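Notes for the structure review
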Amino acid sequence: MQAFVYHGPGKKALEKRPKPEIQAPTDAIVKITKATICSTDLHILKGDVPTCQPGRILGHEGVGVVEKVGPAVTAFKAGDLVLISCISACGKCAYCRNFMYSHCVTGGWLLGNKIDGTQAEFVRIPCADTSLSPIPEGADEEALVMLSDILPTGFECGVLNGKVQPGNTVAIVGSGPIGLAALLTAQFYSPAEIIMIDLDNNRPEVARRFGATAVANSTDGDTMDTIMKIAAGRGADTAIEAVGIPATRELCEKIVAPASVIANIGVHGTKEDLHLENLCDRNVTITTRLVDTASTPMLLNSLRSHKIDPKLLITHRFKLDHILDAYEPFGHAADTRALKVLIETS
Ligand code: ZN
Ligand code: ZN
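From a predicted model like this one, the values you see are computed outputs, not experimental measurements. (Residues numbered from 1 in each chain as written. Chains lettered and ligands numbered in written order. Predicted model: local features only at pLDDT ≥ 70, side-chain atom pairs only at ≥ 80, totals over all residues.)

1. Regarding the overall build of the chain
Counting its secondary structure elements, the chain contains 13 helices and 16 strands. Computed over the C-alpha atoms, the radius of gyration of the chain is 20 Å, within 12% of the 20 Å expected from 2.2 N^0.38 for a compact globule of 346 residues. C-alpha extents for the chain along the principal axes are approximately 60 × 40 × 40 Å. A total of 346 residues make up the chain; the buried ones form 50% of that total. Excluding contacts between residues fewer than 6 apart, the proportion of contacts in the chain whose partners are at least 24 apart in sequence is 69%. (Helix = DSSP H or I, 4+ residues; strand = E, 2+ residues; numbered from the N terminus. Rg over C-alpha atoms; globule rule 2.2 N^0.38 Å. Buried ≥ 20, exposed ≤ 12 C-beta atoms within 10 Å, placed from the backbone. Contact = placed C-beta atoms within 7 Å.)

2. Remarks on the environment of Arg-208
Within the secondary structure layout, Arg-208 lies in helix α7 (residues 202–209). Sequence-wise, Arg-208 and Gly-174 are 34 residues apart; in three dimensions their C-alpha atoms are separated by 13 Å.

3. Structural notes on the packing of helix α5 (residues 150–160) against helix α6 (residues 177–186)
The contact between α5 and α6 brings their axes to 8 Å, and the two run at 70°. Here α5 lies roughly perpendicular to α6, going by the angle between them. Considering how the two elements wind past one another, α5 and α6 form a crossing that is right-handed. Residues Ile-150, Leu-151, Thr-153, Gly-154, Phe-155, Gly-158 and Val-159 of α5 form the contact with α6, whose own contacting residues are Pro-177, Ile-178, Ala-181, Ala-182, Thr-185 and Ala-186. Looking at the contact of α5 with α6 residue by residue, the classes come out as 9 nonpolar, 4 polar and no charged. (Axes fitted to C-alpha atoms, helices over the stretch in contact; angles between N-to-C directions. Parallel < 35°, antiparallel > 145°, perpendicular 65-115°, else oblique. Left-handed = near helix turned anticlockwise from the far one by under 90°. Nonpolar A, V, L, I, M, F, W, Y, C, P; charged D, E, K, R; others polar.)

4. Quick look at the domain arrangement of the chain
How big an interface is tends to be expressed through the accessible area that disappears when the partners come together. Here the domain parsing of the chain yields domain 1 (2–149 + 292–344) and domain 2 (152–287). Computed over C-alpha atoms only, the centres of domain 1 and domain 2 are separated by 27 Å. Taken together, the contacts link 18 residues of domain 1 with 13 residues of domain 2. Residue composition of the side of domain 1 that touches domain 2, by class: 9 nonpolar, 4 polar and 5 charged. (Domains from an automatic or database assignment.)

5. Digging into helix α11 (residues 296–304)
Each α-helix winds once per 3.6 residues, and so residues spaced three or four apart point in a common direction. When α11 is considered as a whole, its buried residues turn out to be Thr-296, Leu-299 and Leu-303. In a view along the axis of α11, the buried residues occupy a sector of 60°, so they form one face of it. Of the residues in α11, the exposed ones pointing more than 90 degrees away from the buried face are Pro-297 and Asn-301. Looking at the buried positions of α11, the neighbouring elements they touch are β8 (132–134), α4 (141–145) and α5. His-306 occupies a position one or two residues after α11 and carries a positive phi of about 60°. (Arc of directions from axis to C-beta.)

Here it is, written out as structure tokens:
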């Protein structure tokens, strides 16, 4: 089968690999129909993710059709259309029983990291019963791919952890796919204002189409004024950090109101200063989280009833044969205006 393989920092290839086989009774083999590229894949290609070793097939998002299942799989059978969750969960360990699938002692983020992933014609899914979701026939597969990772990530790490409430002011720092996923799902709770902040002049305009009530460019110096004007001088009740660098996290610290939440989504790779001297008397909560995908059933229902339209996030489409070209627009998103790049296998 065709597969996109990481071969060490800066090295990648589309190559022929053997079709995966059932290794454990709880496994399923899924024929991928649609996958996508995540910014995490770009981090891997740079060599920033040591758990992902050279030779690994990348990809942790996708939908497909079950090809075969191991003897212990009871919830799925060959021919079922399924959503692949970016997080694999045994469903039995203490973390799984507490819906913290990301910390599953045998699962967590395995696909395209510790085991081969979805940017291929077939993928092996461990613990299939609790790591796949059924898809009703007729559902929009393209929109569903956004539910593998970015929608649950934006919702769980940003909106739920950020305690978004009706009538509140939410500021989202970073309007890439994850920030936009937080923007889409924050609207479940009807906040009064959602301010999207980015240094890219194109992306805030996209954010308005997704439902932002205001946009601010973090490089023009009046971000603080914009937010304070909108939030009646108090600041944001929730600041969602969706980038993962010191400057964006520090901006979150500056724009929040007393008794607010800074919900961190971004993956931070360097040591950073926490300005407790400014925060210690302001009743501010800072949260961190890795997505659990525990919200996937709810998001599937919301998608089915058209409460959200994550298909808006898809800007480019490529066949798997051309996945090397697909990494180009995604890697230069500021110029190409790429958000999510859909990879189709047929
Ligand atoms: Zn991802
Ligand atoms: Zn578990």
